[in-house]
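Each chain is listed here by its residues.
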2 protein chains.
Amino acid sequence: MSADKHKGQQAFVDEVAQRVTSGDRPWLEESLAELHPSDVADLLESLDDTELQVGLLRALPAELASETLAEMEEAEDAGDLLAALAPQKGAELIQELQDDDAADLIAELEPSERELILAELPAEEAEELKDLLLYGEETAGGLMTTALVSIESSLTADQAIQEVRRQGRAVEDFYTVFVVDREGRLVGTVPLDDLVISDPDKAVGDLAEPPVASVLTDVDQEEVGRLMGHYNLVSIPVLSDQGVLLGRITFDDVLDVMEAEQTEDILRLAGVQDEEEVRGTWAESVRSRLPWLFLNLVTASLAASVILVFEEAIDRYFALAFLMPVIAAMGGNAGTQSLAVTLRRLTLSDHAFSDDAWTAVRKEVAVGLINGAALGTLAAVLGVTLAGEPLLGVVVLLAMWANLAVAGFAGAFVPTLLSRFGVDPAVASSVFVHTFTDLCGFFLLLGLATKLLL
Amino acid sequence: MSADKHKGQQAFVDEVAQRVTSGDRPWLEESLAELHPSDVADLLESLDDTELQVGLLRALPAELASETLAEMEEAEDAGDLLAALAPQKGAELIQELQDDDAADLIAELEPSERELILAELPAEEAEELKDLLLYGEETAGGLMTTALVSIESSLTADQAIQEVRRQGRAVEDFYTVFVVDREGRLVGTVPLDDLVISDPDKAVGDLAEPPVASVLTDVDQEEVGRLMGHYNLVSIPVLSDQGVLLGRITFDDVLDVMEAEQTEDILRLAGVQDEEEVRGTWAESVRSRLPWLFLNLVTASLAASVILVFEEAIDRYFALAFLMPVIAAMGGNAGTQSLAVTLRRLTLSDHAFSDDAWTAVRKEVAVGLINGAALGTLAAVLGVTLAGEPLLGVVVLLAMWANLAVAGFAGAFVPTLLSRFGVDPAVASSVFVHTFTDLCGFFLLLGLATKLLL
């Protein structure tokens, strides 16, 4: 809502920039105090000048400034700003944050910058952050916060609510109350709403339900998202190998993960490495895209080299030079369709009970045969019209038909095979599929023409 | 967790199928009672036979059976099963569900089937469901549940907790308590955790914070997801034009929406209409894909017709027949990269404060020029080697270079332009971009060759 108020108002950004330059702290505090940190983060990103950004962060109250850093779209940029602040100020902001956000920010710093800020923190907090930094960034351990509300199963609902009140002051948005045994092992969860509406004398152990799902620290973030989505969980507990409750991951982290994974999936399918940020520089883009284009140059050249063998056919029927790229392009398009559907099926697949890979491949080949017959007929008419040779129509029909069946097969089979071998199918599939369809398109068209027409 | 236990156990599916056939209800109830409805839904989908599926639903307790239907991946299949049950049994299951899930299920039925089930419901419930069915399926009204906990702002925290206990028994997972005035207009929210840990005598009106965000009933679901992700909201209130609180949307609905939108984005980019279900039949796939392929046949033929003009050049330098598809393919690949990055930028863009479309277009052109120079040099070496004509190298270099710049421009400009005109850029962009790069690739290579070599 607050964002809409300023939508498109470059004037507001300019005014903020000017007030930062003139050091008008009261105006800044007053104008921005009511904004959500996510909106202040947008504003900060729009300033587009490190000096102004640092100035704005300095002018804001520590709580708002720290949340703003945590809500920035590019964690790397947030890290750069944190590093640009004095270590003492940086440490002050870090202390305001929940530990998972603090760890994420600190993780963006160079080791030397990191040490400077950690040195300014109380020893205990610094240790806790260092522990969190040991987990892989894209694992459950890297996502979790250790801030949670847990109560022993022997308490009554009423005692538990007192305990929740006590612990809850320090914990944001806890939603679920975790129930543990004396050794800290998770025995179940009680939704806060159930606790509030339950009989006050009931033992928490009796209210607790076994956790629907839990994860170990090294579980991949994509699996965490899949589990939380599958079971509609607002938070998921993270356990040690011994079952001791270490932390929790909340739905908002998962929304961020899903957004990031979605970007990754679409970009990878298009041959953009996930390291390229959507708002990255041109140099980052070149680094991220050139290797893929180079690989495609090699495969496209290999596929096209088939053409060199069939010079005679093209000399005789020049319409083939026109039909070649058309049939290859249609194979590529149909292959991309099959590939996209198959990739989504693989991603969404949480069917623990069955395996329908071959059914899917058969379906894609069938679709290719039907579409190929329809498009092949059209292309054949085109070919006969151009070349005035009826047999060329047969060649075109057969080539298109077969190429679309190949496209369906490759589009469904290649990603399934790759994912069986543990390779991310989004990255490698498309180059395989396109090489297949190019190669088959050229070879079928020109080979059949040579066989039937020369 | 429960799903993992049975992972890959087709044997379990077979046993369930057998017990359903033999009518062994006690075994089914006992074996499935501990499973999460999402897992029972997976099992149900694995049975793959309507008679068995209906038999299983009949054998389950109504609460589990209804949740299972609501958790099925394809709402259409869930609707078919609901229709296959006796109307009385169908109504029993519908009554067990929260109203938004009930409405979603009922919406899948044919009007005549719908009437049969609504007739079995208490009049008031039937009316409520009919009201919900009036909202568009992909709008906030279509997503919201009217089951929520709202309290008047004049109550104390302690009174409010009593009221929450009373209302909360009928409402699942309410998380947030909404505070309204005497006319039912939303004045703010109190997270349940704040209410529990607050001073019992404090007035709720003082605890309430203005809602971070709210939506009207006709807001698109994608915008709902964006707002909830942006502000990390566990639920968002849905208001009438007068500000009266009508319902709420919870994060789990948004997780489902995000998954669906992600599928839609990837499939559309690949030219698969979103109506095609990932698990659809081959006939649905043909209907969804053939129009796109047909459109591409037309555009690919138009682009390739350029080739027909340059017969003389290809006759003289047959290497051109090999280079043509290579340069067009590289343009297509580079265009797809720019397109994917731009589409994600447009989707993620929640920058209310600035507008960087032209910066992005310039960046993509710059990336194209650099990648084009690198790949053009390689392709030139290839061309000279094949044709033994140094000038052909110059032709290839210039053609590749220019085509990749065109690809960068088209990949960034076309989707931006389409989205300015309110057209979904994911659907239409790729055909434009590929036609551009094909056309330019053929024309530049053959035109330059004719000019410089003949």
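About the cut-offs
Residues numbered from 1 in each chain as written. Chains lettered and ligands numbered in written order. Predicted model: local features only at pLDDT ≥ 70, side-chain atom pairs only at ≥ 80, totals over all residues. Heavy atoms only, no water. Helix = DSSP H or I, 4+ residues; strand = E, 2+ residues; numbered from the N terminus. Rg over C-alpha atoms; globule rule 2.2 N^0.38 Å. Buried < 20%, exposed > 50% of the residue type's maximum accessible area, 1.4 Å probe, protein only. Contact = heavy atoms within 4.5 Å. Pairing = 2+ DSSP bridges. Least-squares fit on C-alpha atoms with pLDDT ≥ 70 in both. 1 Å grid on protein atoms, 1.4 Å probe; cavity = no way out; pocket = protein on both sides within 12 Å on 5 of 7 lines; lining within 4 Å. Points joined across faces, edges and corners; volume = space filled by probe spheres on them. Nonpolar A, V, L, I, M, F, W, Y, C, P; charged D, E, K, R; others polar. Axes fitted to C-alpha atoms, helices over the stretch in contact; angles between N-to-C directions. Core = buried A, V, L, I, M, F, W, Y, C linked by side-chain atoms within 4.5 Å. Salt bridge = Lys/Arg side-chain N within 4 Å of Asp/Glu carboxyl O. Polar contact = N/O pair within 3.5 Å; in protein donor to acceptor, adjacent residues only side chain to side chain. Lys, Arg positive; Asp, Glu negative; His and termini not counted. Parallel < 35°, antiparallel > 145°, perpendicular 65-115°, else oblique. Left-handed = near helix turned anticlockwise from the far one by under 90°.

This next bit is on the overall build of chain A. Scanning chain A from N- to C-terminus turns up 23 helices and 6 strands. The globule rule puts the C-alpha radius of gyration for 454 residues at 22 Å, and the 30 Å found for chain A is more than 25% above it. Expressed as lengths along the three principal axes of its C-alpha atoms, the size of chain A is roughly 90 × 60 × 40 Å. Out of the 454 residues belonging to chain A, those deemed buried represent 56%. Here the analysis covers contacts within chain A between residues at least 6 apart in sequence; of these, 66% occur between residues at least 24 apart.

A few words now on the pairing of strand β3 (residues 186-191) of chain A. Residues and elements named next belong to chain A. Where strand β2 (residues 176-180) and β3 come together, 5 bridges link them in antiparallel fashion. Bridge assignment links F178 to a residue of β3, and that residue is T189. The loop that links β2 with its antiparallel partner β3 comprises 5 residues; one of these, G184, has a positive phi angle of about 85°.

In the superposition of chain A on chain B (RMSD 0.1 Å, axial shift 0.0 Å), the rotation amounts to 180°. Here the copies are linked by what is in effect a two-fold axis. Comparing interface residues between copies, 100% of those in chain A also lie at the interface in chain B; the contact surface is shared.

With the rule as written, the count across this model stands at 4 cavities of 30 Å³ or more. Approximately 860 Å³ is the volume found for the largest cavity. Lining the largest cavity are 42 residues, and of these A:G332, A:N333, A:H434, B:N333 and B:H434 sit closest to its centre. Broken down by secondary-structure element, the contributors of at least two residues to the lining of the largest cavity are α18 (282-309), α20 (319-348) and α23 (425-453) of chain A together with α17 (251-269), α18 (282-309), α20 (319-348) and α23 (425-453) of chain B. For the lining of the largest cavity, a count of residues per class yields 23 nonpolar, 17 polar and 2 charged.

The next subject is the sheet that holds strand β5 (residues 235-239) of chain A. All names here are of chain A. What the 3 strands build is an open sheet, ordered β4-β5-β6; its pairing is mixed. Strands at the two margins of the open sheet, each flanked by one partner only, are β4 (215-216) and β6 (245-250). Contacting β4, β5 and β6, helix α16 (residues 221-230) crosses the sheet at an angle of about 135° to β5.

Let us now look at the nonpolar core. Within the largest apolar cluster, 128 residues are counted, with the highest numbers of intra-cluster contacts made by A:L56, A:I249, B:L56 and B:I249. Counting 76 residues, the second largest nonpolar core, distinct from the first, contains A:I314, A:F318, A:M400 and A:A449.

On to the interface of chain A and chain B. Counting residues at the interface gives 120 residues for chain A, matched by 120 residues for chain B. Counting across the interface, chain A meets chain B through 2 salt bridges. Here A:E364 ties to B:R289 by a salt bridge, and the two come within 2.7 Å at their closest N and O atoms. Where chain A meets chain B, there are 22 residue pairs in polar contact (both at pLDDT 80 or more). Sort the elements by how many residues they give to the side of chain A that touches chain B and α20(A) lands first, with 17 residues. Of the residues in the side of chain A that touches chain B, the class split is 64 nonpolar, 31 polar and 25 charged.

All names here are of chain A. Tracing the sequence through the fold places D100 in helix α9 (residues 99-107). Here D100 sits buried without a salt bridge, and the closest side chain of opposite charge, R248, lies 7.4 Å off (N-O distance). Among residues more than four places away in sequence, those in contact with D100 are L132, L143, M144, T145 and D253.

Turning to the packing of α20(A) against α17(B), a few remarks are in order. With their axes 9 Å apart at the nearest point, α20(A) and α17(B) run at an angle of 160° to one another. Classed by the angle they form, the pair α20(A) and α17(B) counts as roughly antiparallel. Viewed along their axes, α20(A) and α17(B) form a crossing whose handedness is right-handed. Residues A:A340, A:V341, A:R344 and A:L348 of α20(A) form the contact with α17(B), whose participating residues are B:E259, B:Q262, B:T263, B:I266 and B:L267.

So, about the packing of helix α4 (residues 37-47) of chain A against helix α6 (residues 62-71) of chain A. Residue and element names in this part refer to chain A. Running from N to C, α4 and α6 point in directions that differ by 70°, and their axes come no closer than 8 Å. One way to sum up the angle between α4 and α6 is to call them roughly perpendicular. Listed contacts from α6 to P37, S38, V40, A41 and L44 of α4 are L64, E67, T68 and E71. A breakdown of the residues in the contact of α4 with α6 according to their chemical character gives 5 nonpolar, 2 polar and 2 charged.

Glancing now at the environment of A:A84. Residue and element names in this part refer to chain A. Note on placement: A84 falls in helix α7 (residues 75-84). Note on A84: relative accessible area 37%, which makes it partly exposed. Setting aside its immediate chain neighbours within four residues, A84 contacts V54 and R58.

Turning our attention to the sheet that holds strand β5 (residues 235-239) of chain B. Residue and element names in this part refer to chain B. Judged by pairing direction, the sheet is mixed, and its 3 strands sit side by side in the order β4-β5-β6 without closing on themselves. Only two strands of the sheet have a single partner each, and these edge strands are β4 (215-216) and β6 (245-250). Pairing of β4 with β5, which is carried by 2 bridges, proceeds in the parallel orientation. Opposite L216, over in β5, you have L239 as the bridge partner. Running over the sheet, helix α16 (residues 221-230) touches β4, β5 and β6 and is turned about 135° from β5.

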